[in-house]
Amino acid sequence: MTQDLIYSVCGIALFGIGLYGLIIVPHILQKILAVNIMGVGVFMLLVAAGHNPGGVSDPVPHAMVLTGIVVAVAGTALALSLVCRIGELQRDGADEEAAP
Amino acid sequence: MFHKLDGAKLPLGLRLICSAAIAALTAVLIAIVILSGPAAPGLQAEVAAQLARSGVDNPVTAVLLNFRSYDTLLEVAVLLVVAVATMPAPGRRLRPALAPTGDMVLIGLIDLVVPVVVVVGAYLLWVGAYAPGGAFQAGALLAGAGVLVSITGRFQFSFGALPARAILALGLLTFTVTAAAVALQTGVFFQYPTAAAGVLILFIEAAATISIAATLVLLYGSLVPPAREQESGP
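Below: a short report on this structure. (Residues numbered from 1 in each chain as written. Chains lettered and ligands numbered in written order. Predicted model: local features only at pLDDT ≥ 70, side-chain atom pairs only at ≥ 80, totals over all residues. Heavy atoms only, no water.)

In this structure the tally under the stated criterion is six aromatic pairs over all chains. Each residue in the set Tyr70(B), Phe175(B), Phe189(B), Phe190(B) and Tyr192(B) is aromatic and connected to the rest through ring pairs, giving one cluster. (Phe/Tyr/Trp six-rings, centres within 6.5 Å; stacked < 30°, edge-to-face > 60°.)

What follows deals with the interface of chain B and chain A. If you look at the interface, chain B gives 48 residues, while chain A gives 45 residues. Counting across the chain B and chain A interface gives zero salt bridges. Between chain B and chain A we count two residue pairs in polar contact (both at pLDDT 80 or more) in total. Counting residues per element, the ones that place at least two in the side of chain B that touches chain A are α1 (12-35), α2 (44-54), α3 (59-67), α4 (69-86), α6 (135-151) and α8 (197-223) of chain B. Among the elements that line the side of chain B that touches chain A, the one with the most residues is α1(B), at ten residues. Class assignment for the residues of the side of chain B that touches chain A results in 30 nonpolar, eight polar and ten charged. (Contact = heavy atoms within 4.5 Å. Salt bridge = Lys/Arg side-chain N within 4 Å of Asp/Glu carboxyl O. Polar contact = N/O pair within 3.5 Å; in protein donor to acceptor, adjacent residues only side chain to side chain. Helix = DSSP H or I, 4+ residues; strand = E, 2+ residues; numbered from the N terminus. Nonpolar A, V, L, I, M, F, W, Y, C, P; charged D, E, K, R; others polar.)

All right, on to the pattern of salt bridges then. Counting across every chain of the model gives two salt bridges over all chains. Salt-bridge contacts for Arg85(A) lead to Glu88(A); the nearest nitrogen and oxygen are separated by 3.0 Å. Of this pair, Arg85(A) and Glu88(A) both sit in helix α3 (residues 59-98), three residues apart, roughly one helical turn. Notably, a salt bridge pairs Arg68(B) with Asp71(B), separated by 2.9 Å at the nearest N-O pair. Relative accessible area serves as the criterion here: at 39%, Arg68(B) is assigned to the partly exposed category. (Buried < 20%, exposed > 50% of the residue type's maximum accessible area, 1.4 Å probe, protein only.)

Turning to the packing of helix α1 (residues 2-24) of chain A against helix α2 (residues 28-50) of chain A, a few remarks are in order. Residues and elements named next belong to chain A. Taken N-terminus to C-terminus, the directions of α1 and α2 make an angle of 160 degrees; their axes are 7 Å apart at the nearest point. Relative to α2, the element α1 lies roughly antiparallel. Two packed elements cross with a definite hand, and for α1 against α2 that hand is left-handed. Of the residues belonging to the contact of α1 with α2, the class tally is 17 nonpolar, five polar and two charged. (Axes fitted to C-alpha atoms, helices over the stretch in contact; angles between N-to-C directions. Parallel < 35°, antiparallel > 145°, perpendicular 65-115°, else oblique. Left-handed = near helix turned anticlockwise from the far one by under 90°.)

Attention shifts here to the packing of α3(A) against α3(B). It is the contact of α3(A) with α3(B), at a shortest axis distance of 8 Å, that shows an interaxial angle of 60 degrees. With respect to each other, α3(A) and α3(B) are oriented oblique. Viewed along their axes, α3(A) and α3(B) form a crossing whose handedness is right-handed. On α3(B), the residues that touch Pro59(A), Val60(A), His62(A), Ala63(A), Leu66(A) and Thr67(A) of α3(A) are Pro59(B), Val60(B), Val63(B) and Leu64(B). Grouping the amino acids of the contact of α3(A) with α3(B) by side-chain chemistry returns eight nonpolar, two polar and no charged.

Spelled out as structure tokens, the structure:
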């Protein structure tokens, strides 16, 4: 029980830290990292919720977290590729302004 | 490259209000978790009761690939969508390959590590039926080997050719076709015949492993910043 509570509270704390980063920190890469931290917090909460002291753990939250990790990786990659493209476009624009 | 990706900083007052709101939200959530007492019993009893019919002995794999197959199917679909989204558009130049490295330590390491990783990946895929493991763990491991190979610059995974793109779609295709094929026999999408469930799950996972590994290698490759091309300058 106490152990589950520690995990749950840490998960929520991570979620809060991530939310702070998402809203307050200005740089877009840090925002993407912040969303990932929020996700990790949710995963911790789910794993803690599935823990069954003295018995078999609930496999459904475990499967959901596994699925969630993959989707989080995919989402992060998509966000990063969009950021790369934005950076390229801005660089091209800056080059054109510098050498008309 | 990223100098303009800095958004504007929020004004101090707004930052303080947001911080206070986030702190309050976190505190409320923590209070709810502490005060709500022990969680209701989960589904472990139901899963354990049906485990014998799932075709595998590992409850997590049973949930992922039998009881809640739709989740995993859509997850594979998400990976394919992201792979398509990050792929270089037709007509756009591929990112230039890294210069082949002369680093003998790296090359020697890869010669040793990659075959081992392939074997361990196959083991993880196989052991997923009994213990923690499965398609995603195996795929991630194989993708790590692929990334290691690609940073030597001796090979470039470009995914421009049709067979390479077919590999990306293999997992989703196998998954959907299998689900539809078993529906012909049992009448329900994803309702595997109990006797064949173990083999079907291994078959789907093997195809998914290949697609996942290929997708992750593609994602890594499309996110490596291109070398500054001197010749294409104005």
